[in-house]
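Below, each chain spelled out in residue letters.
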Amino acid sequence: MNYRTLGKTGFKVSEISLGTWQVGGRWGEPFKEENAETIINAAIDAGVNFIDTADVYSDGLSEAAVAKVVKKRSEEVFIATKCGRQIQPHTPEGYTPEKLVGYVEQSLRNMNLDTIDLIQLHCPPTEVYTRPEIFEAFDRLKEQGKIRNLGVSVELVEEALMAMKYPNVATVQVIFNMFRLKPNEQLFPVAKENNVGLIVRVPLASGLLTGKMSHQTTFNSEDHRAFNRNGEAFDKGETFSGVDFDLGLEAVEELKRLFPGQEPLAAWALRWVLMFPEVSTVIPGASRPDQVASNLQAAALPALTSEQMEGVRAVYDRYLKPAVHQQW
């Protein structure tokens, strides 16, 4: 495992880490604590030392499972969680310093911790980034020793740029993958200039970039890939990176031609993300322990050639850019 610096935090984190949105089981299935613990242990065994969770993942059960495992390990493992998505309706007016402080304190209780390594605002509405009092609340939490660092998880590149104007923002979590190239053009240079760590989520475009899906693939009715393709429940950019499913399948077939051989497309998709030095860590999810091992294959792959990098850009430009580039 290779390690990179996570911006202003100074943490040296595994370049491939673990996201825990579906760590207790497949999307739409009940949370299974034993499965979650097996996955988390497998990741740490392989050198992962950064785990991303959120208070709304399985109603706090994900947070609890992550902390339970980490406490039993001798290795230093950084825990990142998020707050704000409990606000319903999810509107700017619902965001207050008092509510956010309360959510942080609840996460501390969920995990039985005194301090959170990294707390992140969980994709708040754009207007929230214009309110200094929201960000100042986390300075007080830091002074009280309840958090070590503040980050933001964003939907839009523009939101990330707004957030980085606050000096206490140490990290930005953003969707970046072969189907979502805009962050590299507009966000990455500014993050580097401001020493802000970049955490990449949805690197496999909700599974499209595994290369294993087809027109016959079906999804559980409780799976966001079934019910959120048009943003019915939350930002549609979180589902297949906002790409039309059928169009995405066409693009995937083109990508497969760029990466012939034994390694799955998923590994190359993760290795592609790591080609960008501004990225601190990428956090693919896993619903089974073997998926952890599969994700970590990417770290051992050789660097992509210039022809492959140009090929990915050409596929994006041809199939996806007109539909997605300006939306996020």
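This write-up is about the structure you can find in this document. (Residues numbered from 1 in each chain as written. Predicted model: local features only at pLDDT ≥ 70, side-chain atom pairs only at ≥ 80, totals over all residues. Heavy atoms only, no water.)

### A few points about the overall build of the protein
Next, step 1: Within the protein, the secondary structure is distributed over 12 helices and 10 strands.
Next, step 2: For a compact globule of 328 residues, the expected C-alpha radius of gyration is about 20 Å, and the protein comes in at 19 Å, within 12% of that figure.
Next, step 3: For the protein, the spread of C-alpha atoms along the principal axes amounts to about 55 × 40 × 40 Å.
Next, step 4: In the protein, buried positions account for 57% of the 328 residues.
Next, step 5: Contacts spanning at least 24 positions in sequence make up 76% of the contacts within the protein whose residues lie at least 6 apart.
Next, step 6: Just so you have it, the protein exposes about 13500 Å², and 48% of that area is on carbon and sulfur atoms.
Next, step 7: Of the charged side chains in the protein, 34 are positive and 43 negative, and the gap between their average positions amounts to 2 Å. (Helix = DSSP H or I, 4+ residues; strand = E, 2+ residues; numbered from the N terminus. Rg over C-alpha atoms; globule rule 2.2 N^0.38 Å. Buried < 20%, exposed > 50% of the residue type's maximum accessible area, 1.4 Å probe, protein only. Contact = heavy atoms within 4.5 Å. Areas by Shrake-Rupley, 256 points an atom, 1.4 Å probe, with all protein chains shown as cover. Lys, Arg positive; Asp, Glu negative; His and termini not counted. Charge placed at Lys NZ, Arg CZ, Asp CG, Glu CD.)

### Re the packing of helix α9 (residues 245-258) against helix α12 (residues 306-324)
Each pair of packed helices can be summarised by the angle the axes make with each other and by the distance between the axes.
Next, step 1: For the pair α9 and α12, the least separation of the axes is 10 Å and the interaxial angle reads 160°. In terms of their interaxial angle, α9 and α12 are classed as roughly antiparallel. The two elements α9 and α12 cross, and the hand of that crossing is right-handed. Counting all contacts with α9, which are made through Leu247, Glu250, Ala251, Glu254, Leu255 and Leu258, the residues of α12 involved are Gln308, Gly311, Val312, Val315, Arg318, Tyr319 and Leu320.
Next, step 2: Here the residues of the contact of α9 with α12 are counted per class, giving 8 nonpolar, 2 polar and 3 charged. (Axes fitted to C-alpha atoms, helices over the stretch in contact; angles between N-to-C directions. Parallel < 35°, antiparallel > 145°, perpendicular 65-115°, else oblique. Left-handed = near helix turned anticlockwise from the far one by under 90°. Nonpolar A, V, L, I, M, F, W, Y, C, P; charged D, E, K, R; others polar.)

### Thoughts on α12
Next, step 1: Maximum bend of α12: about 55°, positioned at aspartate 317.
Next, step 2: Every buried residue of α12 is accounted for by Gln308, Gly311, Val312, Val315, Tyr316, Tyr319, Leu320 and Val324.
Next, step 3: Those residues of α12 hidden inside the fold are in contact with α6 (182-186), α9 and α10 (265-274). (Bend = angle between axes of the 7 residues up to and from the residue.)

### Quick word on helix α2 (residues 61-72)
Next, step 1: Here α2 contains 12 residues, and its C-alpha end-to-end distance of 17 Å stays within 8% of the 16 Å for a straight helix at 1.5 Å per residue.
Next, step 2: Buried within α2 we find Ser62, Glu63, Ala65, Val66, Ala67, Val69 and Val70.
Next, step 3: Contact partners of the buried residues in α2: α1 (33-45), β4 (50-52), β5 (78-83) and α3 (97-111). (Expected span 1.5 Å × (residues − 1).)

### Let's talk about the side chain of arginine 73
Next, step 1: Of note, arginine 73 is situated in the loop between α2 and β5.
Next, step 2: Taking relative accessible area as the criterion, arginine 73 reaches 19% and is therefore assigned buried.
Next, step 3: Excluding its chain neighbours within four sequence positions, the residues that come into contact with arginine 73 are Asn41, Ile44 and Asp45.

### Concerning the pattern of salt bridges
Next, step 1: Applying the stated criterion across every chain yields a total of 19 salt bridges.
Next, step 2: Lysine 68 is the partner of glutamate 37 in a salt bridge, and the nearest nitrogen-oxygen pair spans 3.2 Å. Separated by 31 residues along the polypeptide, glutamate 37 in helix α1 and lysine 68 in helix α2 bring together distant segments of the chain.
Next, step 3: Assessed through its relative accessible area of 17%, glutamate 37 is described here as buried.
Next, step 4: Between arginine 225 and aspartate 223 there is a salt bridge, with its nearest N and O atoms 2.9 Å apart.
Next, step 5: Using a relative accessible area of 9% as the deciding quantity, one classes arginine 225 as buried.
Next, step 6: For aspartate 223, a relative accessible area of 2% corresponds to the buried category.
Next, step 7: Salt bridges sharing common partners tie together Glu33, Glu37 and Lys68. (Salt bridge = Lys/Arg side-chain N within 4 Å of Asp/Glu carboxyl O.)

### Concerning the sheet that holds strand β3 (residues 18-19)
Next, step 1: Here 8 strands make up an open sheet; going across it, the order is β3-β4-β5-β6-β7-β8-β9-β10 and the pairing parallel. Edge positions in the open sheet fall to β3 and β10 (279-282), since each of these has one partner strand only.
Next, step 2: For strand β9 (residues 197-201) and β10, the ladder comprises 3 bridges, and the chain directions are parallel. Bridge pairing in β10 places valine 200 opposite valine 282. (Pairing = 2+ DSSP bridges.)

### Remarks on the packing of aromatic side chains
To describe a pair of aromatic rings, one takes the distance between the centres and the angle between the planes.
Next, step 1: Within the structure shown, the criterion is met by 15 aromatic pairs.
Next, step 2: A network of ring pairs unites the aromatic residues Trp21, Tyr57, Phe227 and Phe234 as a single cluster.
Next, step 3: Above the plane of the ring of phenylalanine 245 lies arginine 229, whose end atom (NZ or CZ) is 4.7 Å from the centre. (Phe/Tyr/Trp six-rings, centres within 6.5 Å; stacked < 30°, edge-to-face > 60°. Lys NZ or Arg CZ within 6 Å of the ring centre and 35° of its normal.)

### Quick look at the pairing of β5
Next, step 1: Burial of β5 is extensive: 6 of the 6 residues sit out of reach of the surface.
Next, step 2: Covered by surrounding structure in β5 are Phe78, Ala80 and Lys82 together with Ile79, Thr81 and Cys83, the residues of both alternating faces.
Next, step 3: With α2 bridging β4 and its parallel neighbour β5, the resulting β-α-β unit is right-handed.
Next, step 4: For the crossover that starts at β5, traverses α3 and ends in the parallel strand β6 (residues 118-122), the hand is right-handed. (Right-handed = clockwise from strand over helix to strand, strands pointing away.)

### Regarding the nonpolar core
Next, step 1: The biggest cluster of nonpolar side chains holds 96 residues, and the ones touching the most others in it are Phe138, Val172 and Phe179.
Next, step 2: Looking at this core element by element, the count peaks at 9 residues for α10.
Next, step 3: With residues near it in sequence (within four places) discarded, phenylalanine 138 still touches Cys83, Leu100, Val104, Ile119, Leu121, Ile147, Leu150 and Asn168.
Next, step 4: Among the nonpolar cores identified, the runner-up in size contains 9 residues, and Leu6, Phe11, Phe50 and Ile199 belong to it. (Core = buried A, V, L, I, M, F, W, Y, C linked by side-chain atoms within 4.5 Å.)

Read these as layout, nothing more, since geometry by itself doesn't imply function.
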